[in-house]
Amino acid sequence: MKRLLSALVAALITLTSFAQMPTGGPPAGAKMPEGRLFGKIVDEQGKPVEFASVVLLKTTFDNATKQNKDVMVKAQSSELNGDFSFTEVPIMAKLKLKISSVGYKTIEIPVAFAMPKMEGMTPPKAGQQPDPTMIAKMMAAFEKDLGNIKIESDTKVLDAVTVTAQKALLEMDIDKKIFNVEKNIVTAGGTGVDVMRNIPSLQVDIDGNVKLRNAAPTIFIDGRPTTLSLEQIPADVIEKVEVITNPSAKYDASGSMAGILNIVLKKNKKSGYNGMLNIGADSFGGTNAMGNFGINQKKWNVTLMGMNMRMRNNTEGNSERTSSIGGINSNVVQGIESKTKGMMTFGRLSVDYNISNRTMLSVGTLLAGGKFRPSEDILITNKTSDRTTVSNRLSESERSFKPKGLQLGLQHKFPTSGEELTMDFNYMGGKNEGLGIYTTNYYNVSNLITGTQIQKNIASGGNKSMTFQTDYTKPFKNGINLETGIRAQINNLENINNNSLKAVGTEEYRNITSASANYDSKNSVYAAYLSLSGKASTMFSYKVGLRAESSAYEGKLLNTGEKFTNSYPISLFPSVFISKSLSKTDQIQLSVTRRVNRPNFFQLIPFIDFSDSLNITRGNANLVPEFTTSGELSYSKSQGTGTFLASAYYKHTNNLITRYLNQEVNPISGKLDLINTYINANSSLNYGAEFTYTNKVQKWWDLTANINFYNSKINTDNIDNAPTVAALWTVFGKLNNNFSLPKKWVIQLSADYQGKTNMPVTQSQGFGPMSQAQSSSQGYIKPFYGVDLAVKKTFLKNDLASLTLSVNDIFRTRINTQVSAGEGFSQTYTRLSNPQIIKLNLSIRFGKMDMKMFKKNSNPSSMEGMQMQ
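No experiment lies behind these values; they were computed from the predicted model shown. (Residues numbered from 1 in each chain as written. Predicted model: local features only at pLDDT ≥ 70, side-chain atom pairs only at ≥ 80, totals over all residues. Heavy atoms only, no water.)

Trainee: How do you make sense of the overall build of the protein when you look at a structure like this?
Mentor: A tally of regular secondary structure across the protein gives four helices and 46 strands. Relative to its 869 residues, the protein shows a buried fraction of 48%. On the protein, roughly 41400 Å² of surface is accessible, and the fraction owed to carbon and sulfur atoms is 56%. (Helix = DSSP H or I, 4+ residues; strand = E, 2+ residues; numbered from the N terminus. Buried < 20%, exposed > 50% of the residue type's maximum accessible area, 1.4 Å probe, protein only. Areas by Shrake-Rupley, 256 points an atom, 1.4 Å probe, with all protein chains shown as cover.)

This is how it looks when you write it as structure tokens:
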């Protein structure tokens, strides 16, 4: 029998070696066959124990001490269903498992691979291949199922236990970067916009528009598209932000070419009941109050969250525009003051129910509501060759919104570790209303009002977005993981926007039907994807995918009855992700993807939007989709508590959709005017390099630094009379420091710098003077920087309360200056928003936790630094 087993093992070594070599015999020092070890951790009631520490040890003889010692071979945390699995386990070594979890007794289990029975079988003769049946039996013996491993509760009192572990600020995945933001004290009492200002890779302009490498990304909440804007999401409900610069085949191919920002909201993860109360105020008169309560018992996990915010925003600016339109030269200077008052309420309820150990049902609802009242005072001086006119434009408007959402999810885990089926339904929708009064007073040389014009805008509308998605993941024994899914998304949008005008010298309002944008539209996207991932070796992993996607839209202008329809055929979008570990601390990643951005209904309808007479827009029915190919090469290195990430990226887009300011006949006035529209530029090219570094420099000092060098170029050779904009190199950087001082004081000091850069490809209109340029093909933004400071004091028993004082833009330096030029005009536009705003926020925690809340985090990084005694 010993001779038979020895012969079989030798044969396996030979076969394994031959499989790794094109010719020749086995190399010297060939590896012994390796096995797989797996099982499930359960408690005394047979329920799975998640996040238990499972360590595989090998007993070896220490020549120095002349004694046996235990050496760690592998370590991991058990999954939510209690499963664990080790591969590439040495079968000839003396092994044992050490299993521990806070609240349970630590146990050790000896492990040995039992050799199969070989009765009736004879060993192969010299030069003879082994019997395949014998080989199959040997291979089966190298897979050992330990079954359910029961661990007992530890009845020891743990009152003295203090949990101090924190999540890493930056986590890396093969297709995304994860930034944990719940500990960021500068954003306390703010909105999602404030959170994005503190994410290393992101830029936020003065209007709160977020840019990722100088373009607007798509916003997700908990992995699903949303109709909420970032300013409608309180900062205190955000746990982490996933930055996906190059989305894989799993995600929509349509949408922003800048990638995806997935905002993960906080959810109760602690056993027992717990909660938090936050209240705060700022120096502009804004206030915030947030309550969060959760219960996690047995099969139920319930989280209820509510928040109310009162906002007060102040903006000041000026503009100077020189133009030549219709043979008339003019110089228009504007001084602008803007204030916005608003109130927002946000509520969220989520319930998870574990139907069984492997099946979980999730239900989530979201209700919100808000009202904003922006006001604006613009003093306009218009100088022409023969006269100077002065006018004062006063605007008072009100916008309200009532979004709501419903999420249904079903997750089922199969007995095979990693095999999973999920089904999701997501609904987001709501109603909105608006009223705007724009009063323009005209003055003579004696500063007396000579006439008044009033424009009134009444708006209402609604939106509905429904998404159905099913995903299935299946791992195979050869290490390959299959992931596939189907998805359908349907969006409905309705808009009523009526304009009326009371001209100078008249007493009645006249409806301007040609400037009333009333429409319904429907957009649908259907997709299916397939991706394969795995490891070609212990150091090399990959993820390749292919997505098929088609879409269609239809719309109707309610005033005229005109209908617009279009459908886009099925297109294929491949994605490739490759990762190679150079060592335990060094890794390189390469990704290449293809995406599409289809024009939406509002961009397509050839209709003049006169809602704001100072910002006139028109759609372009000739727009075609833009296709983008993106590539990114990254290198990451971890050393001690520090992580360094370097990325080089490239993005090329054909038929880029961008705003464009052009001279056209205004159908309202019948005269030439500057009108914002949309065009397909010939192409765009962006490439650059980004560096991020995070480290706990000292026990009291956490540092995060980010710098991004990039070049952007818009090619508008296909547009008549379009100015030539040279390719522009620019730099963007962020620095964030957290200092933990004695007596539980924390100071956070952060700064950012934006060099001279092209305007982003997409940008909202919002606040702005007459004929503000919106296109990166026609202008640039001057350099600016800003510094923020926050101080936090923790107090009460067990650190249950904290008080945070913060000030933004302490030197009043985040001044946004846009310089633009085009056919018949040149303009400089400067704004400063909410400088030196001071916020004070009080946070109080409460709750009763059981021992399960102290279990280790499932993140593999939580195993770092673990030492065996």
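Anyway, onward from the coordinates.
Trainee: What am I meant to see in the sheet that holds strand 7 (residues 143-150) here?
Mentor: Hydrogen bonds between backbone atoms are what pair the strands of a sheet, whose relative direction is either parallel or antiparallel. With mixed pairing, the three strands of this open sheet are ordered in space as 4-1-7. With partners counted over all chains shown, the strands left at the sheet margins are strand 4 (83-90) and strand 7, one partner each. On average, each strand axis in the sheet is tilted by 20° relative to the strand beside it, whichever way the strands run. The pairing of strand 1 (residues 34-42) with strand 7 spans six bridges and is classified as parallel. Bridge pairing in strand 7 links Arg36 to Glu143. (Pairing = 2+ DSSP bridges. Axes fitted to C-alpha atoms, helices over the stretch in contact; angles between N-to-C directions.)

Trainee: Hey, could you run me through the sheet that holds strand 5 (residues 95-100) in this one?
Mentor: With antiparallel pairing, four strands are arranged side by side in an open sheet as 3-2-5-6. Bordering the open sheet on either side are strand 3 (67-77) and strand 6 (107-111), each of which pairs with just one other strand. Sheet twist, expressed as the average angle between the axes of neighbouring strands with direction ignored, equals 30°.

Trainee: Is there a simple way to think about the packing of aromatic side chains in this case?
Mentor: Pairs of aromatic rings are described using the distance from one ring centre to the other and the angle between the two planes. All chains considered together, the criterion is met by 12 aromatic pairs. Ring geometry for Phe220 against Tyr251: centres 6.3 Å apart, planes inclined by 55°, an arrangement best described as tilted. Of this pair, Phe220 sits in strand 12 (residues 218-221) while Tyr251 sits in the loop between strand 14 (238-244) and strand 15 (260-265), and the two are 31 residues apart along the sequence. The burial state of Phe220 is the same as that of Tyr251; both residues are buried. Ring centres of Phe573 and Phe627 lie 6.4 Å apart, and the angle between their planes is 15°; on these two criteria the pair is classed as stacked. Taken as a pair, Phe573 in strand 28 (residues 563-581) and Phe627 in strand 32 (residues 626-639) lie far apart in primary sequence, 54 residues in all. Residue class for Phe573 comes out buried when judged on its relative accessible area of 2%. (Phe/Tyr/Trp six-rings, centres within 6.5 Å; stacked < 30°, edge-to-face > 60°.)

Trainee: Would you mind going over a positive patch on the surface with me for this structure?
Mentor: A cluster of like positive charges, contributed by Arg310, Lys339, Lys341 and Arg373, occupies part of the molecular surface. Examined against the element boundaries, Arg373 turns out to sit in strand 20 (residues 359-384). Residue Arg373 is classed as partly exposed on the basis of its relative accessible area of 37%. (Patch = residues over 30% accessible without salt bridge, like charges linked within 9 Å, V, L, I, M, F, W, Y side chains within 5 Å. Salt bridge = Lys/Arg side-chain N within 4 Å of Asp/Glu carboxyl O. Lys, Arg positive; Asp, Glu negative; His and termini not counted. Charge placed at Lys NZ, Arg CZ, Asp CG, Glu CD.)

Trainee: So what exactly am I meant to see when it comes to a nonpolar patch on the surface here?
Mentor: Judged by side-chain polarity, Tyr273, Leu277, Phe293, Ile295, Leu304, Leu349, Ile844 and Phe846 come together as a nonpolar surface patch covering roughly 660 Å² of accessible area. At the level of elements, strand 16 (272-282), strand 17 (287-297) and strand 46 (838-849) are the ones that each hand at least two residues to the nonpolar patch. Within the element layout of this structure, Phe846 appears in strand 46.

Trainee: I keep staring at the nonpolar core and nothing clicks. Help me out?
Mentor: Note that soluble globular proteins tend to have their nonpolar side chains buried in a common cluster. Membership of the largest hydrophobic core comes to 36 residues, with the highest contact counts inside it found for Met196, Ile199, Ile238, Val241 and Ile263. Of all the elements, strand 18 (residues 300-325) adds the most residues to this core, at four residues. Setting aside anything within four residues of it in sequence, one finds Met196 in contact with Leu202, Val204, Val210, Leu230, Val241, Leu261, Ile263 and Lys734. The next biggest cluster of nonpolar side chains, apart from the first, holds 19 residues, and it includes Val89, Leu95, Phe142 and Ile151. (Core = buried A, V, L, I, M, F, W, Y, C linked by side-chain atoms within 4.5 Å. Contact = heavy atoms within 4.5 Å.)

Trainee: Would you explain the pattern of salt bridges in this entry?
Mentor: Pairing between side chains of opposite charge can happen when their charged atoms approach one another. Following the criterion strictly, the structure yields 18 salt bridges and no others. Note that Asp70 is salt-bridged to Lys96, the shortest N-O span being 2.8 Å. Of this pair, Asp70 sits in strand 3 while Lys96 sits in strand 5; the two residues are 26 residues apart in sequence, bridging distant segments of the chain. Judged by relative accessible area, Asp70 falls into the partly exposed class, the value being 35%. A salt bridge links Glu316 to Arg812, with the shortest nitrogen-to-oxygen separation between them at 3.5 Å. In this pair, Glu316 sits in strand 18 while Arg812 sits in the loop between strand 43 (801-807) and strand 44 (815-822), placing the two residues 496 residues apart along the sequence. Each member of the salt-bridge network shares a partner with another, and the members are Asp252, Arg487, Arg547, Glu549 and Arg598.

Trainee: Please explain the pairing of strand 33 (residues 642-654) as it appears in this structure.
Mentor: Across a regular strand the side chains alternate sides, sitting on one face of the sheet and then on the other. Where strand 32 lies against strand 33, 13 bridges are found, and the strand directions are antiparallel. When the sheet's bridge partners are listed, Tyr635 is paired in strand 33 with Ala646. Hairpin connection between strand 32 and strand 33: a loop of two residues separates the two successive antiparallel strands, and Gly640 in this loop has a positive phi of roughly 65°. Alignment of strand 33 against strand 36 (residues 683-698), held across 12 bridges, turns out to be antiparallel. Residue pairing in the sheet places His652 in a bridge with Leu685 of strand 36.

Trainee: Which parts of the structure should I look at to understand the confidence of the model for the protein?
Mentor: This prediction gives the protein a mean pLDDT of 79; 81% of its residues lie at or above 70. Per-element mean pLDDT across the protein ranges from 45 in helix 1 (residues 2-19) up to 93 in strand 22 (residues 420-443). Note on residues 1-5: pLDDT is under 50 here. Beyond four places in sequence and across chains, it has 10 contacts. Note on residues 7-31: pLDDT is under 50 here. Beyond four places in sequence and across chains, it has 29 contacts. (pLDDT = per-residue confidence, 0-100.)

Trainee: Please clarify how the environment of Thr384 should be interpreted in this entry.
Mentor: Relative to the helices and strands, Thr384 is located in strand 20. A relative accessible area of 24% places Thr384 in the partly exposed class. Put simply, Thr384 and Ile328 are 56 residues apart on the chain and 7.5 Å apart in space, counted from C-alpha to C-alpha. Residues within four places of Thr384 in sequence aside, it is in contact with Ile328, Asn329 and Ser330. Polar side-chain contacts of Thr384 include one of 2.8 Å to the side chain of Asp386. (Polar contact = N/O pair within 3.5 Å; in protein donor to acceptor, adjacent residues only side chain to side chain.)

Trainee: Is there a simple way to explain the environment of Ile109 in this structure?
Mentor: When you line up the elements, Ile109 lands in strand 6. The class for Ile109 is partly exposed, based on a relative accessible area of 23%. A sequence separation of 53 residues divides Ile109 from Leu56, and the C-alpha atoms of the two residues are 9.7 Å apart. Each residue touching Ile109, except ones within four places of it in the same chain, is listed here: Lys96, Leu97, Ile99 and Ile149.

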